[in-house]
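Residues per chain, in single letters:
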Amino acid sequence: DYPQINNYKDPKLIIPQHLSVDMKIFEEFYGLFLWRSNEVRNTFTFRGDVSNTYIDIKILFVEALNEMALALKLVHNHATGKHSPIQTDIELTK
């Protein structure tokens, strides 16, 4: 059985299973690869430093295709503890 995403709060329940121990120190970006019925089949992590994370969108999409994902959810933390998106967050998700 795979966990499912049924609403916007569900990634908060699923991501902790995949978090690194250092998540509160480093920024991390997760791609959740979804399959039928929004089942999370796998995840992919980009790890940054204390204030940034670099995402190579080509690698993310290659991994999504390798997983035969039907959808992709993107999630990341702010190691600084701030919950508001910064400009690069907004640009990435446009």
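Since the model is a prediction, treat every value here as computed from it, not as a measurement. (Residues numbered from 1 in each chain as written. Predicted model: local features only at pLDDT ≥ 70, side-chain atom pairs only at ≥ 80, totals over all residues. Heavy atoms only, no water.)

Examining the pattern of salt bridges
Cut-off, in case you're wondering: Salt bridges are defined as contacts in which a side-chain nitrogen from Lys or Arg sits within 4 Å of a carboxyl oxygen from Asp or Glu. Secondary structure follows DSSP: runs of H or I at least 4 residues long count as helices, runs of E at least 2 residues long count as strands, and numbering of each begins at the N terminus. Burial classes follow relative accessibility: with a 1.4 Å probe on protein chains only, a residue under 20% of its type's maximum area counts as buried, one over 50% as exposed, and anything between as partly exposed.
Inspection of every chain in the model, using the stated rule, returns 3 salt bridges. Among the salt bridges present, the one from E28 reaches R47, with a minimum N-O distance of 3.9 Å. Highlighted residues: E28 in strand β1 (residues 28–34) and R47 in strand β2 (residues 40–47), separated in sequence by 19 residues. Assessed through its relative accessible area of 1%, E28 is described here as buried. As a salt-bridge pair, E39 and R41 come within 3.9 Å of each other at their nearest N and O atoms. Of the residues examined, R41 reaches a relative accessible area of 27% and is grouped as partly exposed.

With respect to the packing of aromatic side chains
Cut-off, in case you're wondering: The pairing test for Phe, Tyr and Trp rings, Trp by its six-membered ring, is centres within 6.5 Å, and the orientation test on the planes gives stacked under 30 degrees, edge-to-face over 60, and tilted for anything in between. Here, over-ring charges are defined by two tests on the NZ atom of lysine or the CZ atom of arginine: distance to the ring centre within 6 Å, and angle to the ring normal within 35 degrees.
For the structure on display, the rule yields 2 aromatic pairs. Each ring, one from F29 and one from F46, has its centre 6.2 Å from the other, and the planes form 55°; the classification is tilted. Residue F29 is found in strand β1, and its partner F46 is found in strand β2; the two are separated by 17 residues along the sequence. Take F29: its relative accessible area is 3%, and that puts it in the buried class. With centroids separated by 5.1 Å and ring planes inclined at 70°, the aromatic side chains of F44 and F46 adopt a geometry described as edge-to-face. F46 sits in the buried class, given a relative accessible area of 9%. Put simply, the rings of F29, F44 and F46 pair up and form one aromatic cluster. Its guanidinium or amino end placed over the ring of W35, R36 lies 4.4 Å from that ring's centre, counting from NZ or CZ. Positioned above the aromatic ring of W35, the side-chain terminus of R41 is 4.1 Å from the ring centre.

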